[in-house]
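# Chain and residue survey
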Amino acid sequence: MDERRVIATDRAPAAIGPYSQAIRCGALVFLSGQVALDPATGLIVGGDDVAAQTEQVMRNLAAVLEAAGATFGDVLKSTVFLTDLGDFQTMNGIYGRFFEGVDPPARACVEVSRLPRDAKVEIELVAAVR
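All values reported here derive from a predicted model rather than from experimental measurement.

Counted by the stated rule, this structure contains 3 aromatic pairs. Centroid distance Phe72 to Phe99: 5.2 Å. Interplanar angle 75°. Geometry classified as edge-to-face. Placement of the pair is Phe72 in the loop between helix 1 (50-67) and strand 4 (75-82) and Phe99 in the loop between helix 2 (88-97) and strand 5 (106-111), with a sequence separation of 27 residues. Looking at Arg107, its charged tip hangs above the ring of Tyr95, at a distance of 4.6 Å from the centre.

Attention shifts here to the nonpolar core. One finds Leu31, Leu61, Leu65, Phe72, Val121, Ile123 and Leu125 to be the most contacted residues of the largest nonpolar core, which totals 27 residues. Sorting the residues of this core by element identifies strand 3 (28-34), helix 1, strand 4, helix 2 and strand 6 (121-128) as the ones contributing at least two each. The dominant element in this core, judged by the number of residues it contributes, is helix 1, at 7 residues. Setting aside its immediate chain neighbours within four residues, Phe72 contacts Met58, Leu61, Ala62, Leu65, Phe98, Phe99, Val102 and Leu125. Grouped together as the second largest cluster of nonpolar side chains are 5 residues, Val35, Leu37, Leu115 and Ala119 included.

Size it by volume and the largest pocket reaches roughly 190 Å³. Around the largest pocket sit 13 residues that line it, and Ile16, Tyr19, Gly33, Gln34 and Glu122 are the ones nearest its centre. In terms of residue count, strand 3 provides more of the lining of the largest pocket than any other element does, 3 residues in total. Residue classes in the lining of the largest pocket are distributed as 8 nonpolar, 4 polar and 1 charged.

Below, the discussion takes up the sheet that holds strand 4. Either a parallel or an antiparallel arrangement is found when strands of a sheet pair, and the pairing is made through backbone hydrogen bonds. Strand order in the open sheet made by the 6 strands is 1-2-3-6-4-5, with mixed pairing throughout. Whereas interior strands pair on both sides, the edge strands pair on one side only; in this sheet they are strand 1 (4-7) and strand 5. Averaged over all pairs of adjacent strands, the angle between strand axes in this sheet comes to 15°, irrespective of strand direction. Across the sheet, helix 1 is in contact with strand 1, strand 2 (22-25), strand 3, strand 4 and strand 6; its angle to strand 6 comes to roughly 25°.

Below, the discussion takes up the packing of helix 1 against helix 2. For the pair helix 1 and helix 2, interaxial distance at closest approach is 9 Å and the crossing angle is 30°. Relative to helix 2, the element helix 1 is oriented roughly parallel. Relative to helix 2, helix 1 is oriented so that their crossing is right-handed. Residues Val50, Ala51, Thr54, Glu55 and Met58 of helix 1 touch helix 2, and the partners they reach there are Thr90, Met91, Ile94, Tyr95 and Arg97. Considering only residue class, the contact of helix 1 with helix 2 consists of 6 nonpolar, 2 polar and 2 charged.

Criteria and thresholds
Residues numbered from 1 in each chain as written. Predicted model: local features only at pLDDT ≥ 70, side-chain atom pairs only at ≥ 80, totals over all residues. Heavy atoms only, no water. Phe/Tyr/Trp six-rings, centres within 6.5 Å; stacked < 30°, edge-to-face > 60°. Helix = DSSP H or I, 4+ residues; strand = E, 2+ residues; numbered from the N terminus. Lys NZ or Arg CZ within 6 Å of the ring centre and 35° of its normal. Core = buried A, V, L, I, M, F, W, Y, C linked by side-chain atoms within 4.5 Å. Buried < 20%, exposed > 50% of the residue type's maximum accessible area, 1.4 Å probe, protein only. Contact = heavy atoms within 4.5 Å. 1 Å grid on protein atoms, 1.4 Å probe; cavity = no way out; pocket = protein on both sides within 12 Å on 5 of 7 lines; lining within 4 Å. Points joined across faces, edges and corners; volume = space filled by probe spheres on them. Nonpolar A, V, L, I, M, F, W, Y, C, P; charged D, E, K, R; others polar. Pairing = 2+ DSSP bridges. Axes fitted to C-alpha atoms, helices over the stretch in contact; angles between N-to-C directions. Parallel < 35°, antiparallel > 145°, perpendicular 65-115°, else oblique. Left-handed = near helix turned anticlockwise from the far one by under 90°.

Everything listed here is a matter of geometry and, on its own, says nothing about what the molecule does.
In structure tokens form, the structure reads like this:
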């Protein structure tokens, strides 16, 4: 097995539990799920607004990808967790903007009963670093 390496940046929220922002193993980078936490304050951004939350989630993921030497164009797989699938189209429009100009990754989207900090959306990624 290739060596595991922790990826961390202060431009994304610090972990709120016993996990890393991301782990790189060989060419693969596994990004932990991000919710809409402001990296500076640790507070949820956007209240109950799924659009504002999704925007923050994607900015957090962009920061972790950058720390790993990757971009959204390197993402192979994403998993989206929503507390209400009725928010899918709103989330999907914002999510899609971050993949403009690149082939989007494989994806799953599921509704869950609750997320950390009562967030409305959480997204995790797997990327390949060149």
